[in-house]
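Fold and geometry: a report
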Amino acid sequence: MKGFSKDFLWGGATAANQYEGAYLEDGKGLSTADVYTNGAHRVPRKVTWRKENGETGATVLNGVSALPDGAIPAVLDGYYYPSHKATDFYHHYKEDIALMAEMGFKCFRMSINWSRIFPNGDDDLPNEKGLLFYDAVFQELQKYHIEPLVTLSHYETPLSLSIRFNGWEDRHCVDAYVKYAETVFERYKGMVRYYLTFNEIDCLNPDHNPYVSGGLLRADEQAIASAAYHQFLASALTVKLAREKYPEVQVGMMLAYMPVYAYTVDPKDQLEALKRNEEMLWFADVQMQGSYPPYKLCEYERKDIRLPEKEGDIDLLRKYTADFVSFSCYGSTCVTTHDEGEEGGGNLAVKSVKNPYLEANAWGWATDPHVLRIAMNHLYNRYHKPLWIVENGIGWADVKEDDGSVHDDYRIEYLKQNIRSMKEAVELDGIPLIGYEYWGCIDLISAGTGEMKKRYGFVYVDMDDLGNGTLKRSRKDTFYWYKECINSNGNIE
Ligand code: BGP
């Protein structure tokens, strides 16, 4: 049987706002993540704001929601903002990359913080100090032959674009983004070959987080549809830019894809599961097939939602589809229209019930030993383009022993199940897979809750939920396990 290819890109993944810290250093501007407070399991994060009259407050901006009239996002005293320090990759990148190299990483997924390069998102000139930081990171990666995979926008928008334009609702963001993409492509020519345009673009859905994904301070369904449209356009223009000026660059799309199962065999549940799956997949349809699926257009028509279309847009979307499909997948979710089943938690996007066949972690995320094979079959058989798993992992409140060790056997078990599943998709189903990037390879802040204790890493970082700690790095048991896994090219028992 054929295993993973010789050049399979094993590695790990991170995002600037959860990992970098240094939120105002060297000329960086504020991003939407920098005014986002910490939360906890079932305690949502909030956006802090100030009004002209001096009134201040904090508001939950999940789904269809808005800041109070006249409120402008601002950093306030008395709140804790996890992105400000994060786990300080900014000052630890050499040490962290050396740890990745020790595990044998072939690839490292990271994001560039747009507001580090253009502090207001659309400044005339880029911030040289911001560019220099990523120069240094890419040079360090090159030293160890680690291929960077760079997300251009991972759950953050320059705050100034949110305040002035309500983020991606306005077409202004498209031009600003393409200029940012071009600046980065040009600067890192020869150093970065793989880019992703928007992290988990489907999280822009009305039932998820349009603030985090689109920088929307006022999100109704029309604004969300416009924002998604503008991100599709920005992606297509980025692909065009690469094809015309940077042919060595490959641009992928990125989807959060946690397959949804029906809890019962009742056709009503089956239909509900189908609809939930399509709520994620239609975003990939536009980016990989080049047009909106009919059911989405019908829904927009029923709701009287108009796409902010201009001449030539449709051609761009059709012509410049992405080169590969990358996705995050942590487990599966399960839905029902019945009054049965235990409330399942899961992520905020899907109100799920607990799958009785699966175990879940403390945050309600279920570990599914077959999910990667299922997800890969769905995605490949629909788009026929190479896949790339750019997030998979398990969050756990790890305990560090006095000698610095962390015995995360639950994570080893998770990895075994998931890697086996993706291996089956490659070997038994013949699906082309470029690489596997384990999420949060070095401990970082949780996106959903802003907690530190929801840890994913192979490397423990000494810091608590409020940013106290030495930031010292230490190797968990999975560090050694993953190293062996990479060394044997995934030949695990
Ligand atoms: C994905 C995001 C990541 C990451 C991960 C885990 O949705 O792309 O940024 O954080 O989920 O989620 P959490 O951090 O909420 O556990």
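The structure this text deals with has already been given above.
Quick summary incoming for the structure in this document. (Residues numbered from 1 in each chain as written. Predicted model: local features only at pLDDT ≥ 70, side-chain atom pairs only at ≥ 80, totals over all residues. Heavy atoms only, no water.)

Turning our eyes to something else, we now look at helix H13 (residues 409-427). Its 19 residues place the ends of H13 26 Å apart at the C-alpha level, agreeing with the 27 Å of an ideal helix rising 1.5 Å per residue. When H13 is considered as a whole, its buried residues turn out to be Arg411, Ile412, Tyr414, Leu415, Lys416, Asn418, Ile419, Ser421, Met422, Lys423, Ala425 and Val426. Where H13 is buried, its residues contact strand E1 (9-13), strand E17 (366-367), helix H12 (371-383), strand E18 (387-391), strand E19 (433-439) and helix H14 (477-487). (Helix = DSSP H or I, 4+ residues; strand = E, 2+ residues; numbered from the N terminus. Expected span 1.5 Å × (residues − 1). Buried < 20%, exposed > 50% of the residue type's maximum accessible area, 1.4 Å probe, protein only. Contact = heavy atoms within 4.5 Å.)

Every one of the 14 residues lining the ligand counts as a neighbour, but Gln18, Glu200, Ala447, Lys454 and Tyr456 are closest to it. In this structure, an oxygen atom belonging to the ligand sits 2.9 Å away from a side-chain N or O atom of Asn199. Computed on the free molecule, the ligand has an accessible area of 370 Å², of which 94% lies beneath the protein chains in the complex. Residue classes in the shell around the ligand are distributed as 6 nonpolar, 5 polar and 3 charged. (Near = heavy atom within 4 Å. Polar contact = N/O pair within 3.5 Å; in protein donor to acceptor, adjacent residues only side chain to side chain. Areas by Shrake-Rupley, 256 points an atom, 1.4 Å probe, with all protein chains shown as cover. Nonpolar A, V, L, I, M, F, W, Y, C, P; charged D, E, K, R; others polar.)

Further remarks concern the nonpolar core. Nonpolar side chains in soluble globular proteins tend to be buried together. The biggest cluster of nonpolar side chains holds 132 residues, and the ones touching the most others in it are Phe327, Met422 and Tyr482. Ranked by residues supplied to this core, first place goes to helix H8 (residues 221-245) with 13 residues. Other than its neighbours up to four places away in sequence, Tyr482 contacts Trp10, Gly11, Met103, Phe105, Tyr436, Tyr438 and Phe458. Formed by 14 residues, the second largest nonpolar core is a distinct cluster that contains Val35, Val47, Leu67 and Cys203. (Core = buried A, V, L, I, M, F, W, Y, C linked by side-chain atoms within 4.5 Å.)

This part takes up the packing of helix H6 (residues 172-187) against H8. Where H6 meets H8, the axes come as close as 9 Å, and the angle between the chain directions of the two elements is 30°. One way to sum up the angle between H6 and H8 is to call them roughly parallel. By crossing handedness, the relation of H6 to H8 is classed as right-handed. In this structure, H6 uses Val174, Tyr177, Val178, Ala181, Glu182 and Phe185 to contact H8, whose residues at the interface are His230, Ala234, Leu237, Thr238, Leu241, Ala242 and Lys245. (Axes fitted to C-alpha atoms, helices over the stretch in contact; angles between N-to-C directions. Parallel < 35°, antiparallel > 145°, perpendicular 65-115°, else oblique. Left-handed = near helix turned anticlockwise from the far one by under 90°.)

The next subject is the sheet that holds E18. Pairing in this closed barrel of 8 strands is parallel, and the strands run E1-E6-E7-E8-E10-E12-E18-E19 around the ring. When the angles between neighbouring strand axes are averaged without regard to direction, this sheet yields 25°. The pairing of strand E8 (residues 194-198) with strand E10 (residues 250-256) spans 3 bridges and is classified as parallel. Across the sheet, Tyr195 pairs through a bridge with Val251, a residue of E10. Against the sheet, H6 contacts strand E7 (147-153), E8 and E10, and its axis sits at roughly 160° relative to E7. Of the strands in this sheet, E1, E18 and E19 are in contact with H13, which crosses E19 at around 165°. (Pairing = 2+ DSSP bridges.)

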